[in-house]
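# Close look at the chain arrangement
Listed below, chain by chain, are the residues.
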Amino acid sequence: MAKSTQEIFDYLKAAYPEVDLVLESAKLGDPWITIPAEHWKKIAKFLRDDSDLRFDTLMCLSGIHYPDEVLLAIACHLHATEKGHTLAIKVKVPESNPNIPSVESIWKTADWHEREAYDMFGIIFDGHPDLRRILCPDDWEGFPLRKDYVPQESYMGINTKYTEVEASDD
Amino acid sequence: MIEIVQKGKSRPEMVINMGPQHPSTHGVLRLEVTLDGELVTHVRPHIGYLHRCFEKYGESVGDYGMVTPFTDRMDYVSAMNQEHGYVIAMERLLDIEVPERVEYIRVIMAELQRIASHLLAVGTFGLDLGAFTPFLYVFTEREKILDIFEKSSGARLLYNYMCIGGLMRDVDDDFKKDTEEFVRTFRPKITELQNLLTYNSIFIKRTAHIGVLPPKVALNYAASGPVLRGSGVKWDLRKNNPYSIYDRFDFDIPVGEGEVGTLGDCWDRYIVRVLEMEESCKIIEQALEAMPDEGDVQQNVPKRVRTKPGEIYARTETPRGELGYYIISDTSAKPYRIKARAPSFVNLSLLPAISRGSLMSDLVAIVGSIDIVLGEVDR
Amino acid sequence: MTWLESLPLAVFVMIPLVIILIYALFAIWMERKVAGFIQDRLGPMRVGGWHGWAQSFADLLKLIQKEDIIPAEASKFLFRFAPFLMFAASYAAFAVIPFSSAYMGSNIDIGVFYLLAITSLLTISVIMAGWASNNKWSLLGAMRTAAQMVSYEVPTIMAVLSVIIVAGSLNLMTVTEMQSGNDTLGFLPNWLIFQNPFLLVAFVIFFISILAESHRVPFDLPESESELVAGFQTEYSGMRWAMFMLAEYADMLLLSLLGAVLFFGGWNSPFGGFMDGPIWGFFWFMFKGMILVFVMMWIRWTLPRYRVDQLMYLCWSILIPLSFINFVLIALWEMLF
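Fair warning: this is a prediction, and the values are worked out from it, not measured in the lab.

## Examining the overall build of chain B
When helices and strands are tallied, chain B shows 15 helices and eight strands. A compact globule built from 379 residues should have a C-alpha radius of gyration of about 21 Å, and chain B, at 21 Å, falls within 12% of that. In terms of principal-axis extent, the alpha carbons of chain B reach across some 70 × 50 × 35 Å. Counting across all 379 residues of chain B, residues that qualify as buried make up 65%. Residue pairs in contact within chain B that sit at least 24 positions apart in sequence constitute 71% of those at least 6 positions apart. By element, 51% of the accessible surface of chain B is carried by carbon and sulfur atoms, the whole surface being about 12900 Å². Once the 45 positive and 54 negative side-chain charges of chain B are each reduced to a mean point, those two points are 6 Å apart.

## Points about the interface of chain C and chain B
Contacts between the two partners involve 28 residues from chain C and, on the opposite side, 35 residues from chain B. Buried area between chain C and chain B, summed over both chains or domains, comes out near 2900 Å², and the portion from carbon and sulfur atoms is 62%. Three residues, K136, P304 and R307 of chain C, lead the burial of chain C against chain B; their summed loss comes to 21% of the area buried on that side. One can count two salt bridges joining chain C with chain B. For the salt bridge of E38 of chain B with R144 of chain C, the shortest nitrogen-to-oxygen distance reads 2.5 Å. Seen at the junction of chain C and chain B, the total is 10 residue pairs in polar contact (both at pLDDT 80 or more). Those elements that provide at least two residues to the side of chain C that touches chain B are α5 (136-167), α8 (225-228) and α11 (308-336) of chain C. Examining the composition of the side of chain C that touches chain B, we find that five residues originate from one element, α5 of chain C, more than from any other.

## So, the side chain of S56 of chain C
All names here are of chain C. Structurally, the position occupied by S56 is in helix α2 (residues 55-65). Given the relative accessible area of 5%, S56 is considered buried. Within polar-contact distance, the side chain of S56 engages the backbone oxygen of L25 at 2.7 Å.

## Regarding the arrangement of the chains
Sorting the two pairs of chains in contact by contact count puts chains A and B at the top. Between chain A and chain C there is no contact, and the shortest C-alpha to C-alpha separation is 25 Å.

## Considerations on helix α6 (residues 175-198) of chain B
Residue and element names in this part refer to chain B. Along α6, the largest kink reaches about 25 degrees and is centred on F186; proline P188 follows within four residues of it. For α6, the complete set of buried residues consists of F175, D178, T179, F182, V183, F186, I190, L193, Q194, L197 and T198. Taken together, the buried residues of α6 touch α4 (100-128), α5 (133-153), α7 (201-207) and α11 (266-290).

## Some details on the interface of chain A and chain B
Across the contact, 42 residues belong to chain A and 39 residues belong to chain B. Of the roughly 3500 Å² buried between chain A and chain B on both sides combined, carbon and sulfur atoms contribute 60%. If you sort the residues of chain A by the area they bury against chain B, L28, W112 and L135 of chain A come out on top, with a joint share of 21%. Residue K90 of chain A pairs with E311 of chain B through a salt bridge whose shortest N-O separation is 2.2 Å. Inspection of the region where chain A meets chain B yields 16 residue pairs in polar contact (both at pLDDT 80 or more). Secondary-structure elements contributing two or more residues to the side of chain A that touches chain B are β2 (28-29), β4 (57-66), β5 (71-79), β6 (86-94) and α3 (110-121) of chain A. In terms of residue count, the dominant contributor to the side of chain A that touches chain B is β4 of chain A (10 residues). Classifying every residue of the side of chain A that touches chain B by side-chain character gives 21 nonpolar, 11 polar and 10 charged.

## As for the sheet that holds β6 of chain A
Residue and element names in this part refer to chain A. An order of β1-β3-β6-β5-β4 is seen for the five strands of this open sheet, with the pairing classed as mixed. Strands with a single pairing partner mark the edges of an open sheet, and in this sheet they are β1 (22-24) and β4. Strand-to-strand twist across the sheet, computed as the mean angle between neighbouring axes with direction ignored, equals 25 degrees.

## Re a nonpolar patch on the surface
Residues and elements named next belong to chain C. Together, I325, V328, L329, L332, M335, L336 and F337 make up an exposed nonpolar region whose accessible area comes to about 770 Å². Its place among the elements puts L329 in helix α11. A relative accessible area of 31% means that L329 is categorised as partly exposed.

## A few points about the environment of F37 of chain C
Residues and elements named next belong to chain C. With respect to the secondary-structure elements, F37 resides in helix α1 (residues 3-38). The class of F37 is exposed, set by a relative accessible area of 54%. A C-alpha to C-alpha distance of 10.0 Å links F37 and W301, two positions 264 residues apart in sequence.

## Some words on the environment of L254 of chain C
All names here are of chain C. Note that L254 resides in helix α9 (residues 238-263). Residue L254 is classed as buried on the basis of its relative accessible area, which comes to 0%. Measuring from C-alpha to C-alpha, the distance between L254 and L25 comes to 15 Å, with 229 residues separating the pair along the chain. Contact partners of L254, with chain neighbours within four places excluded, come to S90, A93, F94, I97, L115 and T119.

## A few points about the nonpolar core
W40 of chain A together with I164 and I327 of chain B are the most contacted members of the largest nonpolar core, which totals 169 residues. With 13 residues, the single largest contributor to this core is α4 of chain B. In this structure, I327 of chain B is in contact with Y64, Y86, A89, M90, L93, G310, E311, I312, P335, R337 and I338 of chain B, ignoring residues within four places of it in sequence. Judged by nonpolar contacts, the second largest core, of 100 residues, contains L199, I205, Y236 and F285 of chain C.

## Section: the side chain of S323 of chain C
With respect to the element layout, S323 of chain C can be found in helix α11. When its relative accessible area of 2% is taken as the criterion, S323 of chain C is described as buried.

Here is what the cut-offs are and how they apply
- Residues numbered from 1 in each chain as written.
- Chains lettered and ligands numbered in written order.
- Predicted model: local features only at pLDDT ≥ 70, side-chain atom pairs only at ≥ 80, totals over all residues.
- Heavy atoms only, no water.
- Helix = DSSP H or I, 4+ residues; strand = E, 2+ residues; numbered from the N terminus.
- Rg over C-alpha atoms; globule rule 2.2 N^0.38 Å.
- Buried < 20%, exposed > 50% of the residue type's maximum accessible area, 1.4 Å probe, protein only.
- Contact = heavy atoms within 4.5 Å.
- Areas by Shrake-Rupley, 256 points an atom, 1.4 Å probe, with all protein chains shown as cover.
- Lys, Arg positive; Asp, Glu negative; His and termini not counted.
- Charge placed at Lys NZ, Arg CZ, Asp CG, Glu CD.
- Buried area = accessible area lost by both parts, 1.4 Å probe.
- Salt bridge = Lys/Arg side-chain N within 4 Å of Asp/Glu carboxyl O.
- Polar contact = N/O pair within 3.5 Å; in protein donor to acceptor, adjacent residues only side chain to side chain.
- Bend = angle between axes of the 7 residues up to and from the residue.
- Nonpolar A, V, L, I, M, F, W, Y, C, P; charged D, E, K, R; others polar.
- Pairing = 2+ DSSP bridges.
- Axes fitted to C-alpha atoms, helices over the stretch in contact; angles between N-to-C directions.
- Patch = residues over 30% accessible without salt bridge, like charges linked within 9 Å, V, L, I, M, F, W, Y side chains within 5 Å.
- Core = buried A, V, L, I, M, F, W, Y, C linked by side-chain atoms within 4.5 Å.

Below, the structure is given as structure tokens:
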């Protein structure tokens, strides 16, 4: 039987009373559960292995930057093939210490997703076997999807700055 | 001279760069392959050569509507499906109902695009294995689909046809006739393809038992689309989690059965695509029958959509698998964060797991059977 | 001997070269046309007017004009030498092919032996090209070729030897001459393929083997463009690459003509005495050869490619045992009848 996010939240709350879980939602769209970074891996394993939940696939893992709160976050969208329920989870960490445990050992697909989040946001995934940049070149500076990102002036002698070219008359 | 490394007692190995310019990496994928003779001992994919900053653009361009053309350019061989995924995500976020006729046209377009994309996939798969002729046969058919698209949208590859709340314009007058004609002439061509390629004994030898992906591993890697179904998992969002109006149609989900080899081998992934084309034909026929002839194709949505804060993760089934858009909106006219979960990206990440211990030629077959589009991998 | 005296000899020797060049231009055009028709398209249609007949000339002109690129790290001498060695080997083998009852380069008694020996040089030139290029793809292509050509030489030779038992001579002219006239029943030509049922099997083995020897699909692993980029030719361009192409097409013709001599009566007319004679003989001989070349093209544009281990399996586990058994059966048949 497919569970709603509220039901899953209550279920998790019962299983982990000591963990500070928060159910949040915005004005539009779907709700999500926020989990503290230090408990993320433990809960991820529980989400996958518990017989009532069985979230066997990690559909998506995306990095998010909240410059106002000086936070970095990941959003994980889970899906259970047999049970049919889905769940959104957020893990938030401060920008100064952006360490989140890696879930690569739980869902293999997290490997590349986490590399991408590292590449774009500079979130460091502890325990990831091969945390390199994935889309940008290895020696790229900065994390492009952070809201305060300033592109580097030049890369390998190529000017990366966008300059408006005046339209000529001919 | 060529460097052949011998480490310790192990056998000498050669590291070879397959790509980014190589005939069968389907674009600019680079595989760092470690070879022992012709035996592949390790593969390391390097991606990012086609990274065009889709997500950064999405956050920077003018408004939500202006993101649609960029979604086209992600998976450029199934642009309609990419647009469909995006507009569905936005409509779910904003809770917009679209007119009936729009839904039908969108579904027909998406299914035609699915056929076109699968045709390309099976054609180039044959090409990877050295069969040149089927490639041109399927391209003839693909051209006909592109002609239909061109008549309605004005473009042959990147359409920008769907928009939030409807379509850019109504379909061409001949649309119904053309599509019916196409479906009728297309069915015998599938049989032709089956005779020429699918049951060719050399083709079977090259694809059966190669690159076996067990269902458990496939799920753990979050594989989707024909890659997942090739492993025998009956999972298709159109059926299991219907979006748009897919719940109204009667169609099957073909899965791999290990007919000529092991379950989840290259041949199974291939045959799933071939059989899916037939299912798409069924959907198109039903949709054409039920489609209202008259009606508005634009819901009253402002050109610059204003939103409230919100979050949505919406997924649709593209020819390559599950395409997810994760959109965070705020009060401005631009998305705060937009992430595309590209099926090719995820499917490609399992390449090292299934290609270890195969031969060089098998590696080509495996990459072909995963059917990646680098535009979507790198976004 | 002055140069004037040696001139007729030079002309005599050059005849196969002219034939090869004209044939190569024609065959490349034909390959494209055959591919076009099989793939439901037209092929070249523009150059020269009628069905793009001059396309090959245009290509040749383009190739001549191209810059001759030699990779910096390549072994320069071997890199330059390989294409010419390859063509020389193909060309030398034409010496023992009886083009007509009136023309044969060198009427030697060990013709078949010479031909098989000289074509082995092709393997060496391919390895030379692959190794000298200093490119990993070239090297892989060369290693594949070496393995493939050496392996497939065995069934080729066994199939040829089966014919030689029946014919009783290594001289290809003698082999052709003994196939003149009609057979005992009077309606089939007296060709070797009709003389002995096991020779039909030998022909099948022979044909599969020559496909592999001349690296045509489904055995085009040395070049396999979707795997090894272009195999041993990866670093070649311009005229040197054209030499490889020429050698390859020449090799195709050579082996097809050998097939025509051994199984289809060489320059003998299929209609007994009708349309016979040296000129007609040349026509019939080339006609038979071209039919085999056409079948090779037909196969190329129809089938996918084998994998390297499957190729070896086919050779060592199927073709070679079969050719040995066939050899014994043919010998038995010859003793009994």
